Amino acid sequence: MAHSKVWDEPTEAWRSALLCYGSRMKKVSSSKKNKDLESLDDWYLHELPTLLYSREPDPYMEQKELSKLVKWKLTRGQWRPRLQQFVDQLSGEVVKEASRNAFRLLSKYDMREAIEAMASLKGVGPATSSAVLAAYRPDLLSFMSDEALIHAPGISKEYTLQMCLKLIDVMGRKCKELRKADPNTEWTVQMVEQAVWSFARAHVDEQPEAAESTSSAKAPKSTQGVKRKQRVRASVTEHPESISSRTAAQSSSSSAPRRRSVRSTAQPAVESKPVNRDNKRRRIVVEIDD
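Per chain, residue numbering runs from 1 following the sequence as it is written. Per-residue local features are limited, in this predicted model, to residues with pLDDT of at least 70; the limit for side-chain atom pairs, both in listing and counting, is 80 or more; totals at the level of whole chains, interfaces and linings are taken over all residues. Hydrogens are left out, water is left out, and the side-chain values use all remaining heavy atoms of the structure.

## Side note on the environment of P57
Note the cut-off: The helix and strand labels rest on DSSP assignments: H or I over at least four residues marks a helix, E over at least two residues marks a strand, and numbering proceeds from the N terminus. Working definition: with a 1.4 Å probe on protein chains only, accessible area under 20% of the residue-type maximum means buried, over 50% means exposed, and in between means partly exposed.
Note that P57 resides in the loop between α4 (37-53) and α5 (63-76). According to the relative accessible area criterion, P57 is exposed, its value standing at 80%. Expressed as a C-alpha distance, the spacing of P57 and R104, which sit 47 residues apart in the sequence, is 9.5 Å.

## Quick notes on the pattern of salt bridges
Note the threshold: Salt bridge, as used here, is a side-chain nitrogen of Lys or Arg placed within 4 Å of a carboxyl oxygen of Asp or Glu.
Inspection of every chain in the model, using the stated rule, returns twelve salt bridges. Between D182 and R15 there is a salt bridge, and its shortest N-O distance comes to 3.2 Å. With D182 in the loop between α11 (161-181) and α12 (189-217) and R15 in helix α2 (residues 11-19), the pair connects residues that are 167 residues apart, well separated along the chain. When its relative accessible area of 28% is taken as the criterion, R15 is described as partly exposed. Across the pair R137 and D139 runs a salt bridge, and its minimum N-O distance is 2.9 Å. A network of salt bridges, in which partner residues are shared, links D58, E97, R100 and R104.

## Observations concerning the environment of T75
Test applied: Here a residue-residue contact requires only that any non-hydrogen atoms of the pair lie within 4.5 Å.
Its location among the elements puts T75 in helix α5. A relative accessible area of 12% places T75 in the buried class. Among residues more than four places away in sequence, those in contact with T75 are N34, L37 and L40.

## Observations concerning the packing of α5 against helix α9 (residues 126-136)
To be explicit about the condition: Geometry is summarised by axes, namely lines fitted to C-alpha atoms with helices restricted to the contacting stretch, and by angles between N-to-C directions that run from 0 to 180 degrees. When the near helix sits turned anticlockwise from the far one by under a right angle, the crossing is termed left-handed; a clockwise turn instead gives a right-handed crossing.
It is the contact of α5 with α9, at a shortest axis distance of 10 Å, that shows an interaxial angle of 115 degrees. α5 and α9 meet at a crossing whose hand is right-handed. Where α5 approaches α9, its residues L66, L69, V70, W72 and K73 are matched on the opposing element by A127, T128, A131 and V132.

## Some words on α4
Our working definition: Under the convention used throughout, the expected extent of a helix is 1.5 Å for every residue step, that is, one less than its residue count.
End to end, α4 covers 23 Å across 17 residues, agreeing with the expected 24 Å (1.5 Å per residue, within 8%). For α4, the set of buried residues is L37, L40, D41, W43, Y44, L48, P49 and L52.

## Digging into the environment of Q63
Filter applied, for reference: Here a polar contact is recorded for every N or O atom pair within 3.5 Å, except that within protein the pair must consist of a potential hydrogen donor and a potential acceptor, and residues adjacent in sequence are included only if both atoms are side-chain atoms.
Of note, Q63 is situated in helix α5. Considered as a pair, Q63 and S99 are 36 residues apart in the sequence and their alpha carbons are 9.8 Å apart. Among the polar contacts made by the side chain of Q63, one reaches the main-chain carbonyl oxygen of D88 at a distance of 3.4 Å.

## What to know about α11
Taking 1.5 Å of rise per residue, the 21 residues of α11 would be expected to cover 30 Å, and the 31 Å separating its terminal C-alpha atoms lies within 8% of that figure. Looking at α11, one finds that the buried residues are L161, M163, C164, L165, L167, I168, V170, M171, G172, K174, C175 and L178.

## What about the packing of aromatic side chains?
Operational definition: Two aromatic rings, drawn from Phe, Tyr or Trp (for Trp, its six-membered ring), form a pair once their centres lie within 6.5 Å of each other, and the interplanar angle then sorts them: stacked below 30 degrees, edge-to-face above 60, tilted otherwise. Here, a charge over a ring means that NZ of Lys or CZ of Arg falls within 6 Å of the ring centre while also lying within 35 degrees of the ring normal.
Inspection of the entire model under this criterion finds seven aromatic pairs. In this structure an aromatic cluster arises from ring pairing among W7, W14 and F199. Across the ring face of Y60, the terminal group of R55 is positioned such that the distance to the ring centre comes to 4.8 Å. The lysine or arginine in question, R80, covers the ring of Y159, its NZ or CZ lying 5.9 Å from the ring centre.

## Concerning the side chain of Q190
Mapped onto the secondary structure, Q190 falls in helix α12. Judged by its relative accessible area of 4%, Q190 is buried.

## Examining the packing of α4 against α5
Note the threshold: What sets the label is the angle itself: under 35 degrees gives roughly parallel, over 145 gives roughly antiparallel, 65 to 115 gives roughly perpendicular, and the rest give oblique. Each residue is assigned to one of three groups, with Ala, Val, Leu, Ile, Met, Phe, Trp, Tyr, Cys and Pro labelled nonpolar, Asp, Glu, Lys and Arg labelled charged, and all others, Gly among them, labelled polar.
Where α4 meets α5, the axes come as close as 10 Å, and the angle between the chain directions of the two elements is 140 degrees. One finds that α4 runs oblique with respect to α5. Of the two elements, α4 crosses α5, and the hand of that crossing is left-handed. Every residue of α5 that contacts α4 at L37, L40, D41, W43, Y44, L48 and L51 is listed here: E65, K68, L69, K71, W72, T75 and R76. Broken down by class, the residue content of the contact of α4 with α5 amounts to eight nonpolar, one polar and five charged.

Take a look at the structure:
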């Protein structure tokens, strides 16, 4: 699905996608691979913001919270165990200091500096930094997810600071548009990202059904193809036999006269000189005894 199709969807479709976010998240979490995703997602969207608000006026993030956030991010997207290891090895004081500094810069609306402050930690890049900041201020920015990078217009899938800032701008403008068109829904930038993820999941869920219908429609053709292949194979296996039989017949017919001529010349020689078998036996016995 191209990003233009998502971005040009009517407001009702965006609202519907947002409402379906929970059920689609539950469906993804039903697989063994993503069994913890639903609980992690609920923690990120509801529990973590509450923890950060409780630490105002100078909020910060604990190391264990950052580690859990990275687990949520990797489970929701592509799993990269090395990144998880880096974050798990960070000290608590280092994480507190970096996150506190990032939240301070965010309160001044300095997105670039805030992301760079958080990205100073090993294993934390622009995408993880955006997730940390969005948990505290979802009204200003959203998580830099793969789905947002793929479907947002004018954005490419590059995990760079520049692309992150560009995505924040595009998502923010879409949020303003939805707030104006749908005043009854208190849209945030993070909610826009949730709707985009829901759009993407709906497209993924439709693919198996389409593939199944396509394969069933093409089944008769594939059966005919198998039959044709079988006929071709049958003809191929019969053809060498016919060739070998003809070759054998030709060789036997061509060699028959030569065999008769050999017998006609050899037979008189045998008859004119009969073999004395008794003498032959005697010679063999003498040679063995010697």
